[in-house]
Structures are given as structure tokens and as C-alpha cells.
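Commentary on secondary and tertiary structure
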Amino acid sequence: MSAHTNSAENNEGGYAGYDLIVVGSGFYGLTVAERAASLLDKRVLVLERRHHIGGNAYSEEEPETGIEVHNYGAHLFHTSNKRVWDYVNQFTDFTGYQHRVFAKYQGQVYAFPMNLALINQFFGKSHTPDEARALIAEQSSEIDTKSAQNLEEKAVSLIGRPLYEAFVRGYTAKQWQTDPRELAASIITRLPVRYDFNNRYFNDTYEGLPVDGYTAWLKRMADHPNIEVRLNVDYFDIRDQIPEGTPTVYTGPLDRYFEYSEGRLGWRTLDFEQEVVPTGDYQGTSVMNYNDEEVPYTRIHEFRHFHPERDYPADKTVIVREYSRFAKEDDEPYYPINTPEDRDKLERYRELAKAEAKERNVLFGGRLGTYKYLDMHMAIGSALSSFDNKIAPHLTDGAPLDGSIDA
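Residues numbered from 1 in each chain as written. Predicted model: local features only at pLDDT ≥ 70, side-chain atom pairs only at ≥ 80, totals over all residues. Heavy atoms only, no water.

Looking at an unreviewed UniProt entry, the protein chain carries the name UDP-galactopyranose mutase, with the source organism given as Prauserella marina. As recorded by UniProt, the Subunit (unreviewed entry) comment attached to the protein chain reads in full: "Homotetramer." Turning to the protein chain, the UniProt annotation filed under Sequence similarities (unreviewed entry) states: "Belongs to the UDP-galactopyranose/dTDP-fucopyranose mutase family." (UniProt positions renumbered as here; feature names shortened; annotations may be inferred.)

Okay, here's the thing in C-alpha cells:
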């Protein structure tokens, strides 16, 4: 980490004298901090309540094996946004990794997402692309998509009941801890089926993993003489010590900022069970989904496969089982649940956020600050846009901060 990183107990100089305060050191916060420091020569203070930089993208070596593990679940960088790609390449080189997922159902492993290989294997017959399209069209005709009343009906109307029962029902029930017949149809907007043998998970123009790992990348973003990072600092413990009117970018939970005045927003969270296994290869791939409902975890990550170019031990590997559940008050939030009730609350919080920007120069951003599930490239892109259109005009010309949170 740069020489400008302090922890709470080494809190020199208080909170005065900074041009910008950034709350949270995830990709959104660090992008804003880096741009303000590099382009505008502004002094930026980044506050992070955890003991490490980088938010949920943080990774570290497992001590027994040296294998890099993503502490908060697998992070896979991909984008078709050339501006984002050019920006991130200032801080890291990328490997040629292309993400591929496999799904285990009733003792058999299938390529995923659903493609021609899966269809042929599952139905035990070779299909041409046209034959496969006709098969899925016939099976999905059971329910009209427009009349679907719940997630199960919507999924069946898109891919047919056999594929739904095998690859969606059990996984979804585990992911949401809810019978799919009780989940809203709107949760599934589309279920892609590929009628070729392409099993790349993402279709983006650019894809790869940071050569030196995520933490090295994140530290480089913060390694600027104008940026100070303070770890182990909870913004809410020191908020009253920040000089009034100091421009602030807040990337923590939106409802927490306003003391849950409009109610708590609902989130899903993840639990991880990490194990060092005495074999050089546990599952032969980086991610294996477990679609059987009776298997309690949703997937297993084997992190050595994210970096096959590295010299990892041949006799040990690290696996991480992932479990999904509703987030409680003290859990790390991952995925917005986004029920109609959540959206009603969000609308009220958006109005409060607009007022907060006007009255106190606070701007809300990032996954938690906007109540949106943002992939890394989306968070970076959003931060670059916010910097250009809102933050830079404010810091350079004193333009009022636009506190709108995009719907």
C-alpha cells in the first residue's frame, strides 16, 4: 500500500484540509479518488471501515498454498466498454482468462450456460441448431410468457419444463430460500439458450483477470501522493468531525446513511466455506454450480483455475463452497432483492439523496450507495461518468452537486 495509508489509530491531522472525502475503497470510490487526485490535483481522503482496501474485490493468498483467493466470492473482470478497459489497464495487465462454468445435476456435469452441448447431453440425442430451437420452442409453449404469474411459470415459458426442473428450479430455490412459484416473474427477464457450442460465460469484448491479483490492482489505484487511505475507520463514528460542506462521495449502504428512516432495504448475502484439499485438482474447473436442491451450497470455486499460468502447488488446492441467504442486519450485503416494497423505499431514499447533495455536498454511488447490483466494470464506468458530469464540475467550478441516483 502507498505511504499515504493509515489506520484509525494512526489518524494524523483530523479531517480538515481535504478537497474530497470518499467513503469506501471499492472500485467506485477508488476510481473517483484517483481521478480527482490525478486529473484535478485535489487532496483526497478515503475512509474504509474494514482492515483492507478494495471492498468486496479484495483478494489475498491462502497461507498454506499461496493460492490467491477472492475473499468475498469470485470476481471476474469483463467489459465491452473501451473507456473502462483503457482506464483499468493503467493499473494492471490482464491474463487471457475466459470464464467458463459447469453445472452438476444428478451426478452428471453439463456445460453452462445452456447451449447445444447441454441440450444434446441432457436429452441424449444430437440436435442441429434448428432442431434444438424447435425442441425448446415446443417445450416452452406450455405457458405464454405474457401470462406468467411467477418465476417458475416465466422460466418454463422461456426454456421449457425439463430444462427448468434440472437447471433452474433447485438452484433458484437455494439462491432465494424460496419456492420459485412464490417468486416474482420479473426476477427473470431472460434465460439465454445458445444454439451453438459456445460455452464462454461472458460475451464481452474484453475479459481477463489482473496478472498480479485484485489487491495489487486496487493498491495501485490508491498509490498517489494526493490520496490518503485510512483503514478501520467507520464513517459514522467520525462524520461530525468532517468540516461542514466538505464534498463527500459516499459508497456505503444508502439506507444506513439516512438511519433507515424509510425502512431497511432488502439484500441477499453469501457465506463461504473454505477448505484446503490434499489434491492438485479438485474439480477441473474454476466454478462448478450445484443444481440439485438437496445440496446446500450453490457452487464451489477452485481458485487455482483462475490463474493456470501461476506456479501453484501440485499436491494441494483451495476450494470455497458458496451459500446464499437473506442478509441480516450485520451481514455483508451482496445482491439487492428489489421487491416492490424495496423499490418504494428506494424512491423515497432517492429524494433524500438529492436533498443531501444540495444541502451537504454528499454524492451517493456504487453498489451499496445506489441499491443496484453493479459488476466491477459497471461500477468503474459509473464512477467515471459521475466524476466527469458531477464531481469535477463541482470541484473545479463550484457547480452544485447533482444528487440524482439513476433509476
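1. Some points on the sheet that holds strand β16 (residues 335–336)
Strands sit in the order β8-β7-β13-β14-β15-β12-β16 across an open sheet of seven strands; the sheet is mixed. Here the strands that pair on one side only, and so sit at the sheet edges, are β8 (108–112) and β16. Across four bridges, the pairing between strand β14 (residues 299–302) and strand β15 (residues 317–326) is antiparallel. Considered in β15, the bridge of Glu 302 is made with Ile 319. Each of β7 (101–105) and β8 is contacted by helix α3 (residues 116–123), which is oriented at about 155° to β8, the strand it contacts most. Packing against the sheet, helix α6 (residues 161–176) makes contact with β7, β8, β12 (267–277), β13 (287–290), β14, β15 and β16, and its axis sits at approximately 95° to β7. (Pairing = 2+ DSSP bridges. Helix = DSSP H or I, 4+ residues; strand = E, 2+ residues; numbered from the N terminus. Contact = heavy atoms within 4.5 Å. Axes fitted to C-alpha atoms, helices over the stretch in contact; angles between N-to-C directions.)

2. Describing the pairing of strand β10 (residues 227–231)
Extensive coverage of β10 is indicated by the burial of five of its five residues. Here β10 shows two buried faces, one formed by Ile 227, Val 229 and Leu 231 and the other by Glu 228 and Arg 230. For strand β3 (residues 44–47) and β10, the ladder comprises four bridges, and the chain directions are parallel. Bridge pairing in β10 places Leu 47 opposite Arg 230. (Buried < 20%, exposed > 50% of the residue type's maximum accessible area, 1.4 Å probe, protein only.)

3. A closer look at the nonpolar core
Ranked by size, the top nonpolar core spans 106 residues in total, and within it Phe 77 and Trp 217 carry the most contacts. At eight residues, helix α12 (residues 376–397) tops the list of elements feeding residues into this core. Counting only domains with at least three residues in this core, you end up with domain 1 (20–59 + 87–93 + 207–264 + 336–397) and domain 2 (112–187). Residues Val 277, Met 288, Val 295 and Tyr 297 belong to the second largest nonpolar core, which totals eight residues. (Core = buried A, V, L, I, M, F, W, Y, C linked by side-chain atoms within 4.5 Å. Domains from an automatic or database assignment.)

4. Let's talk about the UniProt feature "domain: UDP-galactopyranose mutase C-terminal" (unreviewed entry) in the protein chain
The positions UniProt marks with the feature "domain: UDP-galactopyranose mutase C-terminal" (unreviewed entry) are residues 166–373. Secondary structure content for residues 166–373 is 26% helix and 22% strand, while the C-alpha to C-alpha distance between its ends is 26 Å.

5. Section: the environment of Gly 170
Relative to the helices and strands, Gly 170 resides in helix α6. With residues near it in sequence (within four places) discarded, Gly 170 still touches Asn 291 and Glu 293.

6. Notes on the pattern of salt bridges
Per the counting criterion, the structure on display carries 28 salt bridges. For Glu 165, the salt bridge goes to Arg 161, with nearest N and O atoms at 3.7 Å. Of this pair, Glu 165 and Arg 161 both sit in helix α6, separated by four residues, roughly a single helical turn. The partly exposed category is assigned to Glu 165, whose relative accessible area is 27%. (Salt bridge = Lys/Arg side-chain N within 4 Å of Asp/Glu carboxyl O.)

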